[in-house]
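Here is how the chains run, residue by residue.
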Amino acid sequence: MAKQLQARRLDGIAYNPWVEMAQLTSQYEAVNLGQGFPDFPPPDFAVEAFRQAVTSDFMLNQYTRGFGYPPLTKILASFFGKLLGQEIDPSKDVLVTVGAYGALFTAFQALVDEGDEVIIIEPFFDCYETMTLMAGGCPVFVPLKPTPTQNGELGSSNWQLDPTELASKFTSRTKMLILNTPNNPLGKVFSRAEVELVARLCQQHDVLCVSDEVYQWLVFDGCQHISIASLPGMWERTLTIGSAGKTFSATGWKVGWVLGPDALLRHLRTVHQNAVYHCPTQAQAAVARSFEREQQHFGQPSSYFVQFPRDMQRCRDHMVRSVQLVGLRPMNPQGSYFFMADISDFRNKIPDLPGAVDEPFDKRFIKWMIKEKGLVALPVSVFYSTQHQRQFDHYIRFCFVKNESTLQAMDKKLQEWKDELQA
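Thresholds, definitions, all that
- Counting restarts for each chain: residues are numbered from 1 in the order of the written sequence.
- For this predicted model, a pLDDT threshold of at least 70 governs which residues receive local features, and a threshold of 80 or more governs which side-chain atom pairs are given and counted, while totals over whole chains, interfaces and linings are taken from all residues.
- Where side-chain values are given, they derive from all heavy atoms of the structure, hydrogens and water being excluded.
- In short, DSSP must find at least two bridges between two strands for them to pair.
- Helical segments are the DSSP runs of H or I of at least four residues, strand segments are the runs of E of at least two, and each set is numbered from the N terminus.
- All axes are obtained by fitting lines to C-alpha atoms, using only the stretch in contact for helices, and the reported angles, taken between N-to-C directions, cover 0 to 180 degrees.
- The classification of residues rests on relative accessible area computed with a 1.4 Å probe and restricted to protein chains. Under 20% of the type maximum is buried, over 50% is exposed, and intermediate values are partly exposed.
- Note that His is not counted, nor are the chain ends; the positive residues are Lys and Arg, and the negative ones are Asp and Glu.
- Salt bridges are defined as contacts in which a side-chain nitrogen from Lys or Arg sits within 4 Å of a carboxyl oxygen from Asp or Glu.
- Residue contacts follow a heavy-atom distance rule, with two residues in contact if any of their heavy atoms lie within 4.5 Å.
- To estimate how far a helix should extend, the number of its residues minus one is multiplied by 1.5 Å.
- The arc in question is formed by the directions pointing from the helix axis toward the C-beta atoms.
- Each crossing gets its hand from how the near helix is turned against the far one by less than a right angle, where anticlockwise is left-handed and clockwise is right-handed.
- Residue classes follow a fixed rule: Ala, Val, Leu, Ile, Met, Phe, Trp, Tyr, Cys and Pro count as nonpolar, while Asp, Glu, Lys and Arg count as charged, and any other residue, Gly among them, counts as polar.
- Within 6.5 Å between ring centres, the rings of Phe, Tyr and Trp (the latter by its six-membered ring) count as paired, and their orientation is classed by plane angle as stacked under 30 degrees, edge-to-face over 60, tilted in between.
- Two conditions define a charge located above a ring, namely a distance within 6 Å from the ring centre to NZ of Lys or CZ of Arg, and an angle within 35 degrees of the ring normal.
- Here, the term nonpolar core denotes a set of buried Ala, Val, Leu, Ile, Met, Phe, Trp, Tyr and Cys residues that are joined through side-chain atoms within 4.5 Å.
- In this scheme, roughly parallel covers angles under 35 degrees and roughly antiparallel covers those over 145, while 65 to 115 is roughly perpendicular and the rest are oblique.

1. Remarks on the sheet that holds strand 8 (residues 208-212)
Move 1: Reading across the sheet, the seven strands line up as 2-10-9-8-7-3-4 and stay open at both edges, with mixed pairing between neighbours. In this open sheet, the two edge strands, each paired with only one partner strand, are strand 2 (94-98) and strand 4 (138-143). Neighbouring strand axes in the sheet, compared pairwise and without regard to direction, differ in orientation by 25 degrees on average.
Move 2: Strand direction decides the pairing type here: strand 8 and strand 9 (residues 238-243), joined by four bridges, are parallel. Within the sheet, the bridge partner assigned to Cys-209 lies in strand 9 and is Thr-238.

See the structure below:
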């Protein structure tokens, strides 16, 4: 056709780092420590809940309420209402979506207008920028700053917001701020003081907050997750996004949700009903039963939300120790599936990295590591705006939510790498 095929809103956003890394992983049969998914089963009770949803009631093969299967919206309202200190109406204050990704897209489409500014804290999950642009908004970036301790150590807690810099990003055009805690890719859990700072600025400037809390149950070392919607004056201006995939280690179920006041959610429902309209009924039924089970066990040793972070902390500690064998410098995460590792020491040790000369260093390093060492991670520069990529292109991201066989395969690759260094 002579006419331009794609809509202008797609200009400049076609590249997706996950697609490229998946292709390289497959091509070289490397150990995948890059993508954020568990390679082990969901808990038995969740699998059984899904089995029952598929086999017990034939009507679960049919449509359910478009904005969420009623037993699921009811348990989400009850469960999170207690955590947030709110009376949540399951019919108005809860929207079930096709994963947290669908929740984010629906929120941007419903609330961001042409020319609206959206504050994004770096590093950030890459879709925040593209979804802002697709909605016609203008992303405004503010980076977390690494501040090493006196002994030079750097963990995720040492990356902090500059309050003055953050405040300077708010203008009369600011519509929304995106908060992601625990953070992907850094693994930072924002402290109460940091969340209160964000809340204070949002209220001062009459700005909405989208709080991406998909990793809220994965916090380590005694850290506490703070939901910004639980702070005074924030429920009415906050959308809290969650994910059954991350909550119950079932990313393929693609069940997410948004919690918030009806004054905001009514606009998301308009987008939802004119897009996907409806999410798979059986998966929603399985998630509902899984939350009902967790509500009965909440806070007890038998709770999955107690057991899962304990088990994943062991995986985290294993991987953090292992990558140091070859000179990578990991930063201990407080939460999430991920940690970042500093690769600065390799900058002058590998002269012939693959890729274009103008590509960020971390991206070229990853290509080399996949091809030469059989290990996959992700370049952290893809989690930054173009203007800041070069400042942070000496980090890579690992996913440690992996089973024992994957960790053993990783150890074997790292030992071979170490032997080559010592040869």
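2. Some remarks on the side chain of Lys-246
Move 1: Along the chain, Lys-246 turns up in helix 8 (residues 244-247).
Move 2: No salt bridge forms around the buried Lys-246; measuring N to O, its nearest opposite-charge neighbour Asp-212 is 8.2 Å away.
Move 3: Beyond its immediate stretch of four places on either side in the chain, Lys-246 contacts Gly-36, Val-214, Tyr-215, Thr-251, Phe-308 and Tyr-337.

3. Concerning the pattern of salt bridges
Move 1: Applying the stated criterion across every chain yields a total of 21 salt bridges.
Move 2: Measuring nitrogen to oxygen at the nearest pair gives 2.6 Å for the salt bridge that ties Glu-48 to Arg-51. Placement of the pair is Glu-48 and Arg-51 together in helix 2 (residues 44-55), with a separation of three residues, close to one helical turn.
Move 3: For Glu-48, a relative accessible area of 31% puts it in the partly exposed group.
Move 4: Taken together, the salt bridges that share partners define one network made up of Asp-221, Arg-316 and Asp-317.

4. Observations regarding helix 1 (residues 17-28)
Move 1: The end-to-end C-alpha separation of helix 1 is 17 Å, in line with the 16 Å expected for twelve residues at 1.5 Å each.
Move 2: Within helix 1, the full set of buried residues consists of Pro-17, Trp-18, Glu-20, Met-21, Leu-24 and Thr-25. Down the axis of helix 1, the sector holding all buried residues measures 160 degrees, keeping them to one side. Opposite its buried face, helix 1 presents the exposed residues Gln-23, Ser-26 and Gln-27, each directed more than 90 degrees away.
Move 3: In this structure, the buried residues of helix 1 make contact with strand 1 (31-32), helix 12 (361-373), strand 13 (375-376), strand 14 (378-379) and strand 15 (395-399).
Move 4: Phi for Glu-29, located one or two positions after helix 1, is positive at around 50 degrees.

5. Things to note about the pairing of strand 10 (residues 255-259)
A regular strand places its side chains so that they alternate between the two faces of the sheet.
Move 1: Buried residues dominate strand 10, accounting for five of its five residues.
Move 2: Residues Val-255, Trp-257 and Leu-259 of strand 10 are buried on one face, and the alternating residues Gly-256 and Val-258, pointing to the opposite face, are buried as well.
Move 3: Sheet topology note: the strand 9/strand 10 ladder contains four bridges and is antiparallel. Looking across to strand 10, one finds that Thr-240 is bridged to Leu-259.

6. Digging into the sheet that holds strand 15
Move 1: Read across the open sheet, the four strands follow the order 11-12-15-14; overall the sheet is antiparallel. Since the sheet does not close on itself, it has two edges, and those belong to strand 11 (329-331) and strand 14, each with one partner.
Move 2: For strand 11 and strand 12 (residues 338-342), the ladder comprises three bridges, and the chain directions are antiparallel. Pairing of Pro-330 across the sheet is with Ala-341, part of strand 12.

7. Concerning the packing of helix 4 (residues 99-111) against helix 5 (residues 127-134)
Axis angle and axis distance: for two packed helices, these are the angle between their axes and the distance between the axes, and together they describe the pair.
Move 1: Interhelical geometry of helix 4 versus helix 5 gives an angle of 35 degrees and a closest axis separation of 9 Å. The two elements helix 4 and helix 5 cross, and the hand of that crossing is right-handed. Residues Tyr-101, Leu-104, Phe-105, Phe-108 and Gln-109 of helix 4 lie in contact with helix 5, whose contacting residues are Cys-127, Tyr-128, Met-131, Thr-132 and Met-134.
Move 2: Partitioned by chemical class, the residues of the contact of helix 4 with helix 5 number eight nonpolar, two polar and no charged.

8. Some details on the packing of aromatic side chains
Move 1: For the structure on display, the rule yields 36 aromatic pairs.
Move 2: With centroids separated by 5.5 Å and ring planes inclined at 75 degrees, the aromatic side chains of Trp-257 and Phe-291 adopt a geometry described as edge-to-face. A residue pair is termed long-range when its members are at least 10 positions apart, and Trp-257 in strand 10 and Phe-291 in helix 10 (residues 281-297) qualify at 34 residues.
Move 3: Residue Trp-257 is classed as buried on the basis of its relative accessible area of 3%.
Move 4: Cluster of aromatic residues (ring-pair linked, three or more members): Phe-40, Phe-45, Phe-79, Phe-80, Trp-217, Phe-248, Trp-257, Phe-291, Phe-298, Tyr-304, Phe-305 and Phe-308.
Move 5: Residue placement shows Lys-188 over the ring face of Phe-190; its charged tip is 5.2 Å from the ring centre.
Move 6: Note that Lys-349 overlies the ring of Phe-346, its terminal NZ or CZ placed 5.9 Å from the centroid.

9. Let's talk about the nonpolar core
If you look at soluble globular proteins, the nonpolar side chains tend to sit buried side by side.
Move 1: Within the largest apolar cluster, 111 residues are counted, with the highest numbers of intra-cluster contacts made by Phe-291, Leu-328, Phe-365, Met-369, Ile-396 and Phe-398.
Move 2: The leading source of residues in this core is helix 11 (residues 304-323), at eight residues.
Move 3: In this structure, Phe-365 is in contact with Leu-328, Ile-343, Phe-346, Ile-350, Leu-353, Ile-396 and Trp-417, ignoring residues within four places of it in sequence.
Move 4: In terms of nonpolar packing, the next biggest core, distinct from the first, is built from 32 residues, Leu-161, Leu-177, Ala-199 and Cys-202 among them.

10. Notes on the packing of helix 11 against helix 13 (residues 404-422)
Move 1: The N-to-C vectors of helix 11 and helix 13 enclose an angle of 10 degrees; their axes lie 10 Å apart at closest approach. Viewed along their axes, helix 11 and helix 13 adopt a mutual orientation that is roughly parallel. Of the residues in helix 13, those touching helix 11 at Cys-315, His-318, Met-319, Ser-322 and Val-323 are Glu-404, Leu-407, Met-410, Asp-411 and Leu-414.
Move 2: Across the contact of helix 11 with helix 13, the residue classes tally to six nonpolar, two polar and two charged.

11. Let's talk about the pairing of strand 15
Move 1: With respect to burial, strand 15 is a largely interior element, five of its five residues being buried.
Move 2: Every second residue of strand 15 is oriented toward a common face, with Tyr-395, Arg-397 and Cys-399 on one face and Ile-396 and Phe-398 on the other, all of them buried.
Move 3: Here strand 12 pairs with strand 15 via five bridges, running antiparallel. Pairing of Phe-338 across the sheet is with Cys-399, part of strand 15.
Move 4: The pairing of strand 14 with strand 15 spans two bridges and is classified as antiparallel. By the bridge assignment for strand 15, Pro-379 is matched with Ile-396.

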